[in-house]
Amino acid sequence: MLNWRYTLLACLLVTAGCGKNAASAKTEASASASASASATGVATLKKLEIKDLKVGTGETAKIGDTVWVFYKGTLTDESVFDTHMMPDLPISFTLTPGNLVEGWIKGIPGMKVGTHRLLSCPAALGYGAQPPSDKIPPNSDLYFDITLLFVSHPENPKAFDMTDKGVGSGPAAKIGSSVKCIYRGYLLNDKEVVTSMDTKNPDAFTIGKGEVIPGLEYGVVGMKKGGKRTLLVPPGIAFGMGGKGIPENSPIRFEVEMLDVK
């Protein structure tokens, strides 16, 4: 259970016989060397380096899984060439060799949901001599700051995850139970997209009759009156194609409080 994704090319030419003194020529030569290094990228890493700033406790990503991540990509000089971080939505992709830079294929599997990882990728595991954008010079080492938010396994794409924050008391909800609950639903960037928080008019449904989305319907099974639970629901049993304020293919995090079970 869970507790919880390019710069300026410049070349300076220096010649010795243009009326400049030796110091000036030396300064320009140094600038030329620096510009040349920038134009060809900075490749000093020999192997992929992995550093976890935080280790998550959720589901583990593996090859073939679809993952949702926040990430920032920088060059050796710390300039940013791409970013998908809060408050933006995360990006999702499938961990398939050939579709991603090799540094991600080697560096993301093994991460648990909630893990915050730094990847230092040598040029050979990045874009090598043919980067896709002029923001990345050829043969550049790449540095990625990645947080894994959600994992969907192809063998069980409708599996949801839950964490109980309070157990409650009385009978546990089961298939056929009539329940009343209040909840809030959030995208992975913490934007609230759905809510039912009126205790005088809570959401009421019978489990197993399809009266609410499957992730919420079956996510409350086992809850007792007074119980509180966090559900992390994949798109296939949430809102799939999207809806008002909900982008297509969005996992939803529900914060649920059970008010009654019969």
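See above for the structure.
The sections below set out a description of the structure shown in this document. For every chain, the first residue of the written sequence is number 1, and numbering continues from 1 along that sequence. Note on the predicted model: pLDDT of at least 70 is required for a residue's local features to be given, and 80 or more for side-chain atom pairs to be given and counted; whole-chain, interface and lining totals, by contrast, use all residues. The basis for the side-chain values is all heavy atoms of the structure; hydrogens and waters are excluded.

### What about the packing of aromatic side chains?
To describe a pair of aromatic rings, you give the distance between the ring centres and the angle between the ring planes.
Okay, step 1: Two rings from Phe, Tyr or Trp (for Trp, the six-membered ring) form a pair when their centres sit within 6.5 Å of each other. Planes less than 30 degrees apart are called stacked, planes more than 60 degrees apart edge-to-face, and all others tilted. Using the criterion set out here, one finds 7 aromatic pairs in the structure.
Okay, step 2: Ring centres of Tyr 71 and Trp 104 lie 4.9 Å apart, and the angle between their planes is 85°; this geometry places the pair in the edge-to-face category. Here Trp 104 lies in helix H2 (residues 102–107) and Tyr 71 lies in strand S2 (residues 66–74), a separation of 33 residues in the sequence. An identical accessibility class is assigned to Tyr 71 and Trp 104; each is buried.
Okay, step 3: Considering the side-chain rings of Tyr 183 and Phe 254, the 5.8 Å spacing of their centres and the 80° angle between planes classify their relative orientation as edge-to-face. Remark: Phe 254 occurs in strand S12 (residues 252–261) and Tyr 183 occurs in strand S8 (residues 178–186); sequence separation between them is 71 residues. A run of DSSP states H or I qualifies as a helix once it reaches four residues; a run of E qualifies as a strand once it reaches two. Both are numbered from the N-terminal end. When a residue's accessible area, from a 1.4 Å probe over protein chains only, is under 20% of the maximum for its type it is buried; when over 50% it is exposed; and in between it is partly exposed.

### Here we look at the nonpolar core
Okay, step 1: Core analysis: the biggest nonpolar cluster contains 24 residues, and Trp 104, Phe 144 and Ile 146 have the highest contact counts within it.
Okay, step 2: When residues in this core are grouped by element, the largest group, 5 residues, is from strand S6 (residues 142–152).
Okay, step 3: We call two residues in contact whenever any of their non-hydrogen atoms come within 4.5 Å of each other. Discounting chain neighbours no more than four positions away, the residues touching Ile 146 are Val 69, Phe 70, Tyr 71, Trp 104, Ile 108, Met 111, Thr 115, His 116, Arg 117 and Leu 119.
Okay, step 4: Buried Ala, Val, Leu, Ile, Met, Phe, Trp, Tyr and Cys residues that are joined via side-chain atoms within 4.5 Å together make up what is termed a nonpolar core. Counting residues in each nonpolar core, the second largest holds 23 residues, with Ile 207, Ile 246, Ile 252 and Phe 254 among its members.

Remember that the coordinates give geometry; whether it matters functionally is a separate question.
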